Amino acid sequence: MTTPRETGSRSGGAARGGPRTLAEELRARADDALAELLRARPDLLNPVPGDLTQLATRAGTRASVMRALERLDRFALQTAEALAVAPDPCPYGTLSALMTGDAADDPRIAGALPGAVATLREQALVWGGEDRLRLVRTARELLAPSPAHPSPTGLGPTVAEATAGMSPGRVQQIIAAAGLPGTHDPVSAVAALTALFEDRARMAELLAQAPTESLAVLDRLLWGPPYGTVTADPAPHLRWLLDRGLLLPATTGSVVLPREAALHLRGGRAHRSPEPAAPELAPAAPHSARTVDAAAAGQAFTAVGTVEELLTAWESDGPLVLRAGGLSVRDLKRAASVLDTTEAAAAFWIELAYAAGLLASDGEVDERYAPTPAYDDWLRLPAEQRWARLATAWLAATRTAGLVGGRDAKGRTLNALGPDLDRSPAPEVRHRVLALLATLPPGTSVTPDTVLHRLHWERPPRTAAEPGAEDLRTRLARWTLTEAELLGVTNRGALSGPGRALLDPESAAPAHPMSDAEAGACAVRAAAALAPLLPEPVDHILLQADLTAVAPGPLKRPLAQMLSVLADIESKGGATVYRFTPASVRRALDAGQTAADLKAFLTGHSRTPVPQPLAYLVDDVARRHGHLRVGAASSYLRCDDEAVLAEILADRRSAPLRMRRLAPTVLAAQVAPDALLEGLRAMGYAPAAESAEGDVVVTRADARRTPPRTAPAPVPEGPPVPGETLLGAAVRAIRAGDMASTAERKPAAAPAPADGGLPRTTSAETLATMQAAVLTGSAVWIGYVNAEGAASQRVIAPVRVEGGFVTGYDHTADEVRTYPLHRITGVAELADEHA
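From a predicted model like this one, the values you see are computed outputs, not experimental measurements.

Visitor: Sorry if this is basic, but what is going on with the overall build of the chain here?
Guide: Helix and strand counts for the chain stand at 35 helices and 25 strands. In terms of overall dimensions, the chain is more spread out than a globule: its C-alpha atoms have a radius of gyration of 39 Å, far above the 28 Å expected for 835 residues. Taken along its principal axes, the extent of the C-alpha atoms in the chain is 120 × 90 × 55 Å. Looking at the chain as a whole, 46% of its 835 residues are labelled buried. Long-range contacts, defined here as pairs at least 24 residues apart, represent 65% of the contacts in the chain between residues at least 6 apart. Charge separation in the chain, taken as the distance between the mean sites of 85 positive and 96 negative side-chain charges, equals 2 Å.

Here it is in structure tokens:
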């Protein structure tokens, strides 16, 4: 970034007596300071302002000021709120008195206040010298008290504002009751009453005469809201306050405590509890870092297995996509049952798989959710890399699973995978929560309330739409803490080693989302930190006589994949228990295995002999598998054993299938083939599907995939934070435009345009002035109209004039450009000090 530019010649006397406008203050800033302003408030860059006056105007717009106020910490916001109720302009000493009150020697506030004022000044919310601090007008309007929008300070209007519509006679009555001499006009009367309320000694004498009930009323209104109601015939203690102006009429039937009186009762403080420093993260309980990392690694391994289990269940028969998008409540409950977890946790795993690009809709007419081709690539990665991909996708995603089951603004239910789950602040909140945990020693945990208290200081929450409801950022923080535990990023409330590696080591709280390269580097570090903590996969199981198998640890991928088809998971934990059933064995046979294949598989991977009951189970199911054949007629059933078909026809359970005999070995059914298969299996048979050629149809679990899909892109919060290159170019363009708009020109021989627009000279005068500027090396001011008809003014230093074109250094664009002479409306020389 360039060094500060000299601008004293442009600001003139304003620089010596303090800036007269925000634009003048911005003009005096160094380039680095302007770049910091644009980085902190990127909305000011869209589009790039033409000069500093436009930048100042845009910085004072309501939307931009509101966005800037929302990003202040609590003490900086309290400082702005104090300036909103202070005189305008406000000396620094007056502001300090409002923040400290009678405790003027409070070292915490005295030490923090200069930094808060500097923050407001850097954000272009405050300008002016130390003796004339000014809050930008829009910020004052947003923070100043009014009946419709009470001030966060709890203060009401001034005496002058509250008595603006009061009759002069009534004002004279009030000052007389307060013991003040009468005046000849209401302005001096209001000034006298204001001076009384601001005089500590005289105010104390006045309140010493007040009834006890009157003081109790003032106590109730003291910290806000300052408004109360009165009847047409108020009680004596209220009448005492009304007569002396300690309560002034606001609207019909309501009164207000004037600001000067409230400040006296508060001891001069604008806020009940100024908070100059961020609250400390008090540790809840220390744990061994090794214990936290080991437990988090176990949860990380479980997270990877849970996502795989979900997508395995959906790769053959995924749920339908709702017409409005998303997953139905029934399918969410079914997924929770498959994963043996709550619906909220199931929604998190589903959204996590979607954010990682492992799950999407297939786009067919009968649209369903299914794994993507990227899922197959993910399965081939080591466990630590699979986890790192899930964790980085979670950290950057704007989709928020915690919203599932809630209602949108129109009262509609928010469904998992639905279109309305993006919340732009989510990535920033997740990063900040983890960054706060990273400031603690490894293994140290904190309570959720401690984290929320710190976040509320750093970014004071907005007022919730419903009384008692938490704002969005608070809910996002709570969901972050819960999801981080599920994912293994944290454990026992402490950040794990792999979780710490997910953060950018260059910044504990990045001001902008990480780039793909930065996120990839963090994922590599996190995977490397997790790898030593994961158990080594085993290549064997232990078969038991009760038709179960025990996996003494995580299984290698081919073994786990085959075993998940051949058996059902009965329990999970340090050791996974699988159970063999007729249905699970038939599932393996349906996938193309034979009885000999299954026995060889079990023998080759079991450290114990294959139990006789399990061998009998495989042989029995294999003997009956494919004995019946189902095809499409509506559907048909054929079998070489006529007795079996007769038995099926005689069974009452076959009535819903509506079958009839076509031939001694063939039955026809009036239901679809898949329904016939399910019906026969429910009756205890093991039919096999048959193709049109009469071959057995082999079904495989991994047959269904969506077309290639990309992961959903995060929805940014507001305009993106500009990079260094854009900031540098923007600052140069603004400086150049400001130079063009503020440079002093020599008086023209011809009168200036009436509308103050572009300079106007003849073609001959333009050519002569340009040629003279080339010889002298001076800069000139030109008016230029481009091919689209857009007019602009520029400051250029011509270096060559030939062939109807002028080539020169354009200070506005900060580059050498060539302009057609016929498009230049006129030219004027700059004053000597700018030439």
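Visitor: It is not clear to me how the side chain of arginine 386 should be interpreted in this structure. Could you clarify?
Guide: Relative to the elements of secondary structure, arginine 386 occurs in helix H22 (residues 383-396). In contact with arginine 386, not counting residues within four places along its chain, are Val304, Glu308, Trp378, Leu379 and Leu381.

Visitor: Before we go on, may I ask you to explain the pairing of strand E22 (residues 791-802) in this structure?
Guide: Regular strands have side chains that alternate between both faces of the sheet. Relative to E22, strand E21 (residues 780-785) runs antiparallel, the two sharing six bridges. Looking at E22, one finds that isoleucine 782 is bridged to arginine 794. Between E21 and E22, which follow one another and run antiparallel, lie five residues, and glycine 789 among them has a positive phi close to 90°. As paired strands, E22 and strand E23 (residues 805-810) are joined by six bridges and run antiparallel to one another. Bridge pairing links alanine 797 to tyrosine 809 in E23. Linkage of E22 to E23, two consecutive antiparallel strands, is achieved through a turn of two residues, within which glycine 803 is found at a positive phi near 60°.

Visitor: Just to check I follow, could you spell out the packing of helix H8 (residues 92-100) against helix H9 (residues 107-122) for this structure?
Guide: For any two helices packed against each other, one specifies the crossing angle of their axes together with the interaxial distance. Orientation of H8 relative to H9, taken along the N-to-C sense of each, is 125°, at an axis distance of 11 Å. One element, H8, and the other, H9, form an angle in the oblique class. In the packing of H8 onto H9, the handedness of the crossing is right-handed. The segment H8 lies against H9, with Tyr92, Leu95, Ser96, Met99 and Thr100 engaging Ile109, Leu113, Pro114 and Val117.

Visitor: Is there a simple way to think about the nonpolar core in this case?
Guide: What tends to happen in soluble globular proteins is that the nonpolar side chains get buried as a cluster. In this structure, Leu38, Leu95, Leu193, Phe197 and Leu247 are the most contacted members of the largest nonpolar core, which totals 86 residues. Looking at which element gives the most residues to this core, the answer is helix H7 (residues 74-84), with seven residues.

Thresholds applied
- Per-chain numbering applies: the sequence of each chain, read as written, is numbered from 1 onward.
- Reporting in this predicted model follows two pLDDT cut-offs: at least 70 for local features of residues, and 80 or more for side-chain atom pairs to be given and counted; totals over whole chains, interfaces and linings ignore these cut-offs and use all residues.
- Working from all heavy atoms in the structure, the side-chain values ignore hydrogens and water.
- The helix and strand labels rest on DSSP assignments: H or I over at least four residues marks a helix, E over at least two residues marks a strand, and numbering proceeds from the N terminus.
- In this setup the radius of gyration rests on C-alpha atoms only. A globule is expected at 2.2 Å times the number of residues raised to 0.38.
- Under the scheme applied here, a residue whose accessible area is under 20% of the maximum for its type counts as buried, over 50% as exposed, and between as partly exposed, the area being computed with a 1.4 Å probe on protein chains only.
- Should any heavy atoms of two residues lie within 4.5 Å, those residues are considered in contact.
- Asp and Glu are treated as the negative residues and Lys and Arg as the positive ones, with His and the ends of the chain left uncounted.
- In plain terms, the charge of a residue is placed at NZ if it is Lys, CZ if Arg, CG if Asp and CD if Glu.
- Strands were regarded as paired on the criterion that DSSP finds at least two bridges between them.
- Under this scheme, a helix contributes an axis fitted over its contacting stretch, all axes are lines through C-alpha atoms, and angles between N-to-C directions fall in the 0 to 180 degree range.
- Oblique is the label for any angle not under 35 degrees, not over 145, and not in the 65 to 115 range, which are roughly parallel, roughly antiparallel and roughly perpendicular in turn.
- Throughout, a crossing is termed right-handed when the near helix is turned clockwise from the far one, and left-handed when it is turned anticlockwise from it by less than a right angle.
- Only buried residues count toward a nonpolar core, which is a set of Ala, Val, Leu, Ile, Met, Phe, Trp, Tyr and Cys residues joined through side-chain atoms within 4.5 Å.

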